[in-house]
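As a plain string of letters, each chain reads:
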Amino acid sequence: MALIITDECINCDVCEPECPNEAIYPGEEIYEIDPNKCTECVGHYDTPQCVEVCPVDCIPKDPDHVESEEMLMDKYKRLTGQA
């Protein structure tokens, strides 16, 4: 699954620089995650880095973008030019 940032986001700016895929960007009101770029850090780290640094716990899995570990790894390979 890709991740999503909920409206509990306080715009603290700590998640955006942590994303190795540059999937996080400032939205109109809160930060947003591009599901086409989010791999939950699969291929980069053991855990999603944005979730690790978020002080308000507002980055759950996105139920509208269900992906298996294998699908996330395939996306990682495409994004990094390994596929």
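As a starting point, this report considers the structure included with it. Keep in mind the model is a prediction, meaning the values are calculated, not measured. (Residues numbered from 1 in each chain as written. Predicted model: local features only at pLDDT ≥ 70, side-chain atom pairs only at ≥ 80, totals over all residues. Heavy atoms only, no water.)

1. What about unusual backbone geometry?
Here the phi dihedral of E22 falls at roughly 55 degrees; this positive angle occurs in a residue that is not glycine. Relative to the helices and strands, E22 resides in the segment before β1 (24–26). On the basis of relative accessibility, which here comes to 62%, the residue E22 falls in the exposed class. Its identity as a non-glycine residue notwithstanding, D57 has a phi of 55 degrees, on the positive side. (Helix = DSSP H or I, 4+ residues; strand = E, 2+ residues; numbered from the N terminus. Buried < 20%, exposed > 50% of the residue type's maximum accessible area, 1.4 Å probe, protein only.)

2. Some details on a negative patch on the surface
Where like charges cluster on the molecular surface, the negative patch consists of D7, E8, E28, E29, E32 and D57. Considering the arrangement of structural elements, one finds E32 in strand β2 (residues 31–33). On the accessibility criterion, E32 (33% relative accessible area) is partly exposed. (Patch = residues over 30% accessible without salt bridge, like charges linked within 9 Å, V, L, I, M, F, W, Y side chains within 5 Å. Areas by Shrake-Rupley, 256 points an atom, 1.4 Å probe, with all protein chains shown as cover. Salt bridge = Lys/Arg side-chain N within 4 Å of Asp/Glu carboxyl O. Lys, Arg positive; Asp, Glu negative; His and termini not counted. Charge placed at Lys NZ, Arg CZ, Asp CG, Glu CD.)

3. Structural notes on the nonpolar core
One finds I5, C15, I24, I33 and I59 to be the most contacted residues of the largest nonpolar core, which totals 16 residues. Among residues more than four places away in sequence, those in contact with I59 are L3, I4, I5, C15, I33, C50, V51 and C54. (Core = buried A, V, L, I, M, F, W, Y, C linked by side-chain atoms within 4.5 Å. Contact = heavy atoms within 4.5 Å.)

4. Section: the pattern of salt bridges
Per the counting criterion, the structure on display carries two salt bridges. Ionic pairing is found between K61 and E40, a salt bridge with its closest N-O pair at 2.8 Å. One end of the pair, K61, is in the loop between α1 (49–53) and α2 (69–79); the other, E40, is in the loop between β2 and α1, and 21 residues separate them in sequence. What makes K61 partly exposed here is its relative accessible area of 47%. K75 is the partner of E67 in a salt bridge, and the nearest nitrogen-oxygen pair spans 3.0 Å.

5. A look at the side chain of Q49
Of note, Q49 is situated in helix α1. Accessibility expressed as a relative area gives 17% for Q49, which makes it buried. At 2.9 Å, the side chain of Q49 and the backbone oxygen of T47 are in polar contact. Setting aside residues up to four positions removed in sequence, Q49 forms contacts with E18 and C41. (Polar contact = N/O pair within 3.5 Å; in protein donor to acceptor, adjacent residues only side chain to side chain.)

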